[in-house]
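Residues per chain, in single letters:
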Amino acid sequence: MGTVNLKGRSLLGLEHVSKEEIELILRVAKKMKKVVLSDDKKIPYLKGKSIVNLFMEPSTRTRSSFELAGKYLGADVINITPSGSSMVKGESFRDTLLTVSYMGTDAIVMRHKAEGAPLYATKCVKPIIVNAGDGAHEHPTQALLDMYSILERKGSLEGLKVVIAGDIMHSRVARSDIYGMTKMGADIHLVGPRTLVYPELEKMGVTVHHDIREALEGADVVNVLRIQLERIHSALYPTNREYARIFGINKEVLKAAKKDVMILHPGPMNRGLEIAPDVAYSDESMIQEQVRNGVSVRMAVLYLTIHGGDGSELAD
Amino acid sequence: MSLLIKGGTIVNPAKGQHEVADILVENGLIKAIGQHLAADGADVYDATGLIVAPGLIDMHTHLREPGQESKEDFHSGTQAAAAGGFTRVATMANTTPVVDNAALVRGLKKQAELTGVVKVEFIGAISKGLEGKELSEMGDMAQAGIVAFSDDGHYVQNAAFMRRAMEYASMFNKMVIDHAEETSLCKEGHMHEGLVSYELGVIGRPAVAEDMAVDRDILLAEMTGAHLHVAHVSTKHAVEEVRRAKAKGLPVTCEVTAQHLSFTDECLREYNPAFKMAPPIRSEDHRQALLEGLKDGTIDAIITDHAPHAFEEKDVEFCCAPNGFSGLETSLGAVLTNVYKPGVLTIDQIVERMSTNPARLLGLTDAGVLEVGKPADITVFSTDESWIVDRNKFYTKGKTSPFDGLTLTGKAKLTVVDGEIVMKEGVVTA
């Protein structure tokens with residue numbers, strides 16, 4: 001405690017973040033959640049700081065939760081999207097970053113379709129870069145809020161069987177979950193069609209399945225990823241009907257999991273495809289709570305990277 | 001005008017020669033090769049401790065002229081060639097417009113003579129506009145002096161079309177250089193497919209795309225009898241199939257780039273677009289197979305695949321960047337560092353793969369050998385001089401290189417074209 005300090009650090013992914021750093025973020029997030037649940041949600045630790053949300057891809061929950069997180073902390077937050085920016089006039093990403101960074105910006109929260117774009121951004125400009133999702137690479141704050149939600153209900157990740165189901169190959173959430181949860185001691189299992197989950201991924205320290213029941217056997221947590229409907233056109237699976245029948249998470253297949261299994265979904269959901277409606281809204285589901293936790297975790301990340309410290313000044 | 005290169009080690013594989021000797025050059029030709037030569041009034045270059053080789057030939061380069069002069073032109077590209085120790089380069093047809101007709105070839109040859117620092121050969125397109133639909137006028141281009149046919153940058157997707165192209169090309173004793181990557185398997189990809197691409201979340205270009213393409217075209221070479229030259233082989237299967245084809249006596253040859261011999265896909269973990277190329281930098285097992293293929297002679301030539309882009313084109317997000325980088329100025333150093341130093345090839349074999357064999361493959365009878373009476377195209381290089389690559393010091397317009405910042409051991413010291421010094425100690429003088 002106290003030796004870990006994230007001040008001035010960019011958060012590009014969880015691959016290069018240590019267990020101690022993850023624990024610090026989750027500890028601070030717990031304090032932030034109290035703020036989110038309170039009547040007066042303003043704690044002005046980032047007063048006088050400015051944050052730019054640079055979202056080159058559509059987003060509802062991530063962008064708005066980063067925006068609220070910044071505002072609850074007292075920072076000035078603006079949003080930039082490609083359709084409303086000079087990117088449509090052909091401005092390069094480097095020049096967009098330069099422009100944004102020279103407005104007294106302390107941090108840039110970015111989402112980009114290109115894997116590695118946040119790392120590239122750190123080489124172009126000085127502000128702290130927080131990755132809000134880069135292509136199919138990483139989405140660290142999503143994994144942090146997944147872990148936070150699990151901790152809230154289970155107390156620890158150590159030894160838990162966590163199943164990540166769906167389109168792993170194209171999922172930035174899956175990669176961040178794998179890096180983060182493995183460090184926290186969870187036993188990660190991936191399941192999905194052979195076209196969307198490659199056996200080679202086992203070299204990342206996980207177990208790969210193509211049979212949903214086998215994967216769910218004794219599971220403590222199931223994280224159901226969104227199926228990207230456009231994938232049908234790349235012959236990655238035949239029909240939504242078949243996907244739902246063979247890989248969909250429903251009450252029936254969940255019988256293989258532990259009784260107190262918890263269900264996560266990063267959203268947006270395709271109810272009836274990867275997840276049955278009665279599962280999405282069941283007691284086991286943490287999906288709505290995840291959204292609330294998303295704000296707390298993002299407050300913790302912005303606080304720790306921009307303001308620094310170990311959060312001991314915050315009320316318990 | 002005469003030039004005396006004294007005291008160097010002559011490495012001249014075409015004549016089986018490897019000895020310390022002097023070379024005297026007069027009026028653009030090699031006048032004498034021997035011990036203790038003297039010439040009154042000649043410029044003298046002391047090559048003691050250096051290798052004196054027949055001028056290096058890069059049989060696979062992109063000079064970008066006409067139409068893409070923001071990336072490179074004949075002058076800047078041949079300056080880069082001279083700096084890298086090349087006395088001659090063969091440039092690919094994927095320019096704007098595409099080099100797919102004799103009129104263009106004739107005009108460009110004139111232009112390259114005017115502004116080029118080293119000799120430039122032209123490779124004509126297989127298909128009009130590189131579209132793989134109609135044959136370009138191969139015979140006409142052959143008469144205009146092109147050295148080979150290639151749609152490099154594009155795989156000829158239609159097998160029947162490729163068959164006809166190979167049959168037709170074979171009449172002119174020019175090889176068909178094949179950019180072998182099955183398009184449907186790789187068109188969306190940005191790097192070698194494997195654990196690294198899976199971890200990075202980047203769509204891959206699997207090795208099997210090249211494997212299949214090479215298999216198909218070797219079968220077509222067997223059927224048609226045409227000389228197939230596989231461009232930039234990068235997979236173990238491709239090397240193995242070329243080896244097998246050669247053992248069967250088929251007219252199949254191939255080449256490899258210095259970069260595929262130097263790097264693995266682990267280098268892409270930083271998403272640096274300098275490492276982005278097609279075919280992609282592959283995993284270590286493939287790299288080892290390439291070294292093995294060089295060692296046993298399966299791979300005939302080492303090339304640069306110099307593919308310059310304007311800096312701003314490469315200075316973008318990884319998946320948005322175009323393929324290729326500027327290789328002419330680092331190729332020799334990279335080969336000496338990663339192929340000679342570890343003992344994969346001898347210096348004689350390196351000169352063979354970078355001069356003698358390219359000359360033979362391109363049908364250049366006046367190059368690839370040091371011989372009295374022949375044009376004095378000579379490269380002098382050091383095998384032990386260490387230097388740090390600085391892309392900002394490149395002569396090429398394309399200031400992007402995966403070798404930037406790396407230390408290489410071995411460097412071109414003197415480049416002589418038709419008896420004239422065009423580069424000395426790294427400085428291009430023409």
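What you are looking at is a predicted structure, and each value in this text was computed from that prediction instead of being measured.

Caption draft 1: Here's a closer look at the overall build of chain A. The helix and strand tally for chain A stands at ten helices and nine strands. The C-alpha atoms of chain A give a radius of gyration of 19 Å, which matches the 20 Å a tight globule of 316 residues would have. By residue count, 58% of the 316 residues in chain A fall in the buried class. Partitioning the intrachain contacts of chain A with sequence separation of at least 6 by distance along the chain shows that 74% fall at a separation of at least 24.

Caption draft 2: Here's a closer look at the overall build of chain B. Secondary structure assignment for chain B yields 13 helices and 19 strands. Per-residue burial over chain B gives 64% buried out of 430 residues. The long-range share in chain B, meaning contacts at least 24 apart out of those at least 6 apart in sequence, stands at 75%. Surface summary for chain B: the accessible area is close to 14800 Å², and the carbon and sulfur share equals 50%. Both charge centroids of chain B, one from 40 positive and one from 61 negative side chains, sit 2 Å from each other.

Caption draft 3: Examining the sheet that holds strand 5 (residues 161–165) of chain A more closely. Residues and elements named next belong to chain A. One open sheet accounts for five strands, arranged 7-6-5-8-9; its pairing is parallel. Each having just a single partner strand, strand 7 (207–209) and strand 9 (262–264) make up the two edges of the open sheet. Averaged over all neighbouring strand pairs, the angle between strand axes comes to 20°, with direction disregarded. The strands touched by helix 6 (residues 172–183) are strand 5, strand 6 (187–191) and strand 8 (221–224); relative to strand 6, the strand with the most contacts, the crossing angle is about 160°.

Caption draft 4: Molecular detail of helix 2 (residues 102–115) of chain B. Residues and elements named next belong to chain B. Here helix 2 contains 14 residues, and its C-alpha end-to-end distance of 20 Å stays within 8% of the 20 Å for a straight helix at 1.5 Å per residue. Buried residues of helix 2: A102, L104, V105, L108 and A112, and no others. Relative to the axis of helix 2, the buried residues are bounded by an arc of 145° and lie together on one face. Residues of helix 2 that are exposed and point over 90 degrees away from its buried face: A103, K110, E113 and L114. Contacts made by the buried residues of helix 2 are with helix 1 (74–83), strand 8 (119–124) and helix 3 (138–143). Measuring from the side-chain oxygen of the N-cap residue of helix 2 to the backbone nitrogen of A103 gives 3.3 Å; that N-cap residue is N101.

Caption draft 5: Local environment of the interface of chain B and chain A. Chain B puts 16 residues into the contact, and the matching count from chain A is 22 residues. A per-residue breakdown of the area chain B buries against chain A is headed by Y198, E199 and E317 of chain B, which together make up 38% of the total. Where chain B meets chain A, there are two salt bridges. Measuring nitrogen to oxygen at the nearest pair gives 2.4 Å for the salt bridge that ties D315 of chain B to R94 of chain A. For the interface between chain B and chain A, the tally reads six residue pairs in polar contact (both at pLDDT 80 or more). A per-class count over the side of chain B that touches chain A returns nine nonpolar, one polar and six charged.

Caption draft 6: Just the domain arrangement of chain A, in detail. Residue and element names in this part refer to chain A. What the domain assignment lists for chain A is domain 1 (19–138 + 291–307) and domain 2 (140–286). Averaged C-alpha coordinates put domain 1 and domain 2 at centres separated by 26 Å. Across the boundary between the two partners, domain 1 contributes 26 residues, which contact 24 residues of domain 2. Taken together, both faces of the contact between domain 1 and domain 2 bury some 2000 Å²; the carbon and sulfur share is 62%. Broken down residue by residue, the surface that domain 1 buries against domain 2 is led by I22, L26 and E138, which jointly contribute 28%. Inspection of the region where domain 1 meets domain 2 yields two salt bridges. Put simply, K33 and E152 hold a salt bridge, and the shortest N to O gap is 2.5 Å. Counting across the interface, domain 1 meets domain 2 through eight residue pairs in polar contact (both at pLDDT 80 or more).

Caption draft 7: Local environment of the packing of aromatic side chains. Residues and elements named next belong to chain B. By the definition in use, this model includes eleven aromatic pairs over all chains. Consider the rings of Y168 and F172, whose centres lie 5.5 Å apart with planes at 65°: the pair is edge-to-face. Consider the rings of F263 and F275, whose centres lie 5.0 Å apart with planes at 80°: the pair is edge-to-face. Residue F263 is found in the loop between helix 9 (258–262) and helix 10 (284–295), and its partner F275 is found in the loop between helix 9 and helix 10; the two are separated by twelve residues along the sequence. Residues F263 and F275 agree in their burial class; the two are buried.

Caption draft 8: Structural detail: the environment of R231 of chain A. Residues and elements named next belong to chain A. Within the element layout of this structure, R231 appears in the loop between strand 8 and helix 8 (240–247). Judged by relative accessible area, R231 falls into the buried class, the value being 18%. Apart from the residues within four sequence positions on either side, R231 is in contact with D167, H170, L236 and Y237.

Caption draft 9: Region of the structure containing the sheet that holds strand 13 (residues 228–230) of chain B. Residue and element names in this part refer to chain B. Strands sit in the order 6-7-8-9-10-13-14-15 across an open sheet of eight strands; the sheet is parallel. Single-partner strands in this sheet number two, and they are strand 6 (56–61) and strand 15 (301–303). Neighbour-to-neighbour, the strand axes of this sheet turn through a mean angle of 30°, independent of strand direction.

Caption draft 10: Fine view of the domain arrangement of chain B. Residues and elements named next belong to chain B. When cut into domains, chain B gives domain 1 (2–51 + 375–428) and domain 2 (56–362). Averaged C-alpha coordinates put domain 1 and domain 2 at centres separated by 25 Å. Facing the 40 residues of domain 1 at the interface are 45 residues of domain 2. Carbon and sulfur atoms make up 68% of the area that domain 1 and domain 2 hide from each other, which totals about 3300 Å². Inspection of the region where domain 1 meets domain 2 yields three salt bridges. K397 serves as the salt-bridge partner of D73, at 3.0 Å between the closest nitrogen and oxygen. Our count for the contact surface shared by domain 1 and domain 2 stands at 16 residue pairs in polar contact (both at pLDDT 80 or more). Counting residues per element, the side of domain 1 that touches domain 2 draws most heavily on strand 17 (residues 407–417), at eight residues.

Definitions and cut-offs
- Residues numbered from 1 in each chain as written.
- Chains lettered and ligands numbered in written order.
- Predicted model: local features only at pLDDT ≥ 70, side-chain atom pairs only at ≥ 80, totals over all residues.
- Heavy atoms only, no water.
- Helix = DSSP H or I, 4+ residues; strand = E, 2+ residues; numbered from the N terminus.
- Rg over C-alpha atoms; globule rule 2.2 N^0.38 Å.
- Buried < 20%, exposed > 50% of the residue type's maximum accessible area, 1.4 Å probe, protein only.
- Contact = heavy atoms within 4.5 Å.
- Areas by Shrake-Rupley, 256 points an atom, 1.4 Å probe, with all protein chains shown as cover.
- Lys, Arg positive; Asp, Glu negative; His and termini not counted.
- Charge placed at Lys NZ, Arg CZ, Asp CG, Glu CD.
- Pairing = 2+ DSSP bridges.
- Axes fitted to C-alpha atoms, helices over the stretch in contact; angles between N-to-C directions.
- Expected span 1.5 Å × (residues − 1).
- Arc of directions from axis to C-beta.
- Polar contact = N/O pair within 3.5 Å; in protein donor to acceptor, adjacent residues only side chain to side chain.
- Buried area = accessible area lost by both parts, 1.4 Å probe.
- Salt bridge = Lys/Arg side-chain N within 4 Å of Asp/Glu carboxyl O.
- Nonpolar A, V, L, I, M, F, W, Y, C, P; charged D, E, K, R; others polar.
- Domains from an automatic or database assignment.
- Phe/Tyr/Trp six-rings, centres within 6.5 Å; stacked < 30°, edge-to-face > 60°.

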